[in-house]
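Chain and residue survey
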Amino acid sequence: QTFQSSREENLCFSSGAVCNIMMAKRLLFGADCRRKYVSVIRNATCSEIHGSSWMKGCAANVQGRWPKVENGMERLPTSVSAKIPFKRRMCSTFQSTIDQAEIKKFQSLAQKWWDENGEFQALHTMNDLRVPFIRDTLINYIGSRQSGSPLSGVRLLDVGCGGGLLSEPLARLGAVVTGLDPVEDNIRTAEVHKSPDPFLNKQLQYKACSLEDITEECSECFDAVVASEVLEHVADRETFINCCYHVLKPSGHLFITTINKTNLSYLIGIIAAEWIFSIVPRGTHEWEKFVIPEELERQLESNGFYVESINGMYYNICSGLWSWTDNTSVNYALHAVKSKDTQHPESENPVSEETIQSYANSAS
């Protein structure tokens with residue numbers, strides 16, 4: 001549920017809501033943990049957001065990291081996501097998408113990507129949702145090429161691939177995958193993990209660079225781009241989306257999973273996930289970088305995409321598993337398609353198939 005209220009209401013939770021969250025921690029190992037946990041989350045509703053006494057007492061506990069709401073937190077009206085003129089521009093005219101503070105965060109975690117019980121446990125189990133989501137959507141649009149390799153022939157770019165947690169299963173489905181990550185140690189971890197598998201070595205390559213670094217040399221190279229749990233870490237979201245447009249072929253597919261910008265996402269995604277249950281390291285997320293679906297849809301459509309679907313994702317802290325939900329107030333997945341009727345600004349000289357093949361083989 002998204003809360004639309006004044007600045008004070010956005011920042012201040014009543015003591016009753018806080019008690020419920022603290023009770024969730026104590027109930028973690030209870031026999032009826034799942035039922036009680038869901039009840040706790042559902043109890044944190046708009047009616048419990050009032051007063052400022054608790055905020056002042058607990059601000060120090062979270063090092064003053066309360067959301068800074070500019071002009072309240074009003075949702076964009078649905079009409080805003082109607083047809084908006086496509087902005088034709090190249091990524092090189094914008095600032096970098098790389099946030100150096102984010103690089104430092106993930107540099108220290110580079111060796112832990114493949115620990116299924118460690119800091120990235122939630123990303124491991126998220127594959128149960130996001131891999132079928134990407135696979136089935138692509139099959140519905142382009143059809144299955146081969147039995148056992150449903151994504152055979154699909155060229156896919158995994159942006160912000162980390163240690164390759166999503167790149168590997170997509171490559172095993174037959175896709176020719178390129179994984180990008182600006183943290184070199186992440187790429188080393190990914191390379192080491194895939195190296196014993198000859199099939200992965202053929203299907204999957206990694207590059208230690210940013211998305212904008214390959215935009216010009218790889219214009220219209222890919223059938224699909226995946227940015228899973230990445231958008232909330234980039235420095236310039238507009239540039240990032242524009243670069244995704246340029247590397248996609250006409251009618252190419254963009255898959256995004258990210259976090260909504262709501263009070264509930266702050267409560268669950270930061271307070272609960274980072275400070276109470278330690279699901280992810282403290283400081284992993286910044287609430288100011290979260291984005292509401294309507295705003296993301298507007299940015300996508302203004303950059304030449306049309307949004308096909310937005311689905312909510314629910315993480316059960318007790319079981320550690322993900323499931324689909326109609327509620328997009330915390331995590332959500334989005335599928336967008338590059339518009340057919342928008343002309344790439346540099347497309348007078350389209351990229352040849354030989355250039356695409358050369359790029360795909362460049363790291364082999």
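Heads up: these notes are all about the structure in this document. (Residues numbered from 1 in each chain as written. Predicted model: local features only at pLDDT ≥ 70, side-chain atom pairs only at ≥ 80, totals over all residues. Heavy atoms only, no water.)

1. Details of the overall build of the protein chain
A count of helices and strands for the protein chain gives 14 helices and 8 strands. Here the protein chain, with 364 residues, has 55% of them falling under the buried criterion. For the protein chain, the proportion of contacts with a sequence separation of at least 24, taken over those separated by at least 6, is 77%. A total accessible area of about 16,300 Å² is found for the protein chain, and carbon and sulfur atoms account for 49% of it. (Helix = DSSP H or I, 4+ residues; strand = E, 2+ residues; numbered from the N terminus. Buried < 20%, exposed > 50% of the residue type's maximum accessible area, 1.4 Å probe, protein only. Contact = heavy atoms within 4.5 Å. Areas by Shrake-Rupley, 256 points an atom, 1.4 Å probe, with all protein chains shown as cover.)

2. Some words on the packing of helix α11 (residues 237-247) against helix α13 (residues 293-302)
Between α11 and α13, the shortest axis-to-axis distance is 9 Å and the interhelical angle comes to 50°. One finds that α11 runs oblique with respect to α13. Where α11 crosses over α13, the two elements pack in a sense that is right-handed. Together, Arg-237, Glu-238 and Ile-241 of α11 and Glu-295, Leu-296, Gln-299, Leu-300 and Ser-302 of α13 make up the contact between the two elements. For the contact of α11 with α13, the per-class residue count stands at 3 nonpolar, 2 polar and 3 charged. (Axes fitted to C-alpha atoms, helices over the stretch in contact; angles between N-to-C directions. Parallel < 35°, antiparallel > 145°, perpendicular 65-115°, else oblique. Left-handed = near helix turned anticlockwise from the far one by under 90°. Nonpolar A, V, L, I, M, F, W, Y, C, P; charged D, E, K, R; others polar.)

3. Points about the pairing of strand β7 (residues 321-325)
Relative to β7, strand β6 (residues 305-316) runs antiparallel, the two being bridged by 5 bridges. By the bridge assignment, Tyr-315 is partnered in β7 with Trp-322. From the end of β6 to the start of β7, which pair antiparallel, there are 4 residues, and Gly-320 there has a positive phi angle of about 75°. (Pairing = 2+ DSSP bridges.)

4. So, the sheet that holds β6
Pairing is mixed across the open sheet formed by 8 strands, whose spatial order is β3-β2-β1-β4-β5-β8-β6-β7. Two strands close off the open sheet at either side, each with one partner strand: β3 (204-207) and β7. If you compare each strand with its neighbour and ignore which way they point, the axes differ by 20° on average. Two elements, strand β4 (residues 222-228) and strand β5 (residues 248-259), share 6 bridges in a ladder whose sense is parallel.

5. Points about the side chain of Glu-212
Structurally, Glu-212 is set in helix α10 (residues 211-214). One buried charged side chain, Glu-212, makes no salt bridge at all; its nearest oppositely charged neighbour is Lys-289, positioned 13 Å away. Within polar-contact distance, the side chain of Glu-212 engages the side chain of Ser-96 at 2.9 Å. With near-sequence residues (within four places) excluded, Glu-212 lies in contact with Ser-96, Thr-97, Ile-98 and Cys-243. (Lys, Arg positive; Asp, Glu negative; His and termini not counted. Salt bridge = Lys/Arg side-chain N within 4 Å of Asp/Glu carboxyl O. Polar contact = N/O pair within 3.5 Å; in protein donor to acceptor, adjacent residues only side chain to side chain.)

6. Examining the packing of aromatic side chains
All told, the structure shown has 7 aromatic pairs when counted by the stated rule. Centre to centre, the rings of Trp-113 and Phe-120 are 3.8 Å apart; their planes meet at 5°, and the pair counts as stacked. The exposure class of Trp-113 is buried, given its relative accessible area of 6%. Judged by its relative accessible area of 5%, Phe-120 is buried. Centre to centre, the rings of Tyr-315 and Trp-322 are 4.9 Å apart; their planes meet at 50°, and the pair counts as tilted. (Phe/Tyr/Trp six-rings, centres within 6.5 Å; stacked < 30°, edge-to-face > 60°.)

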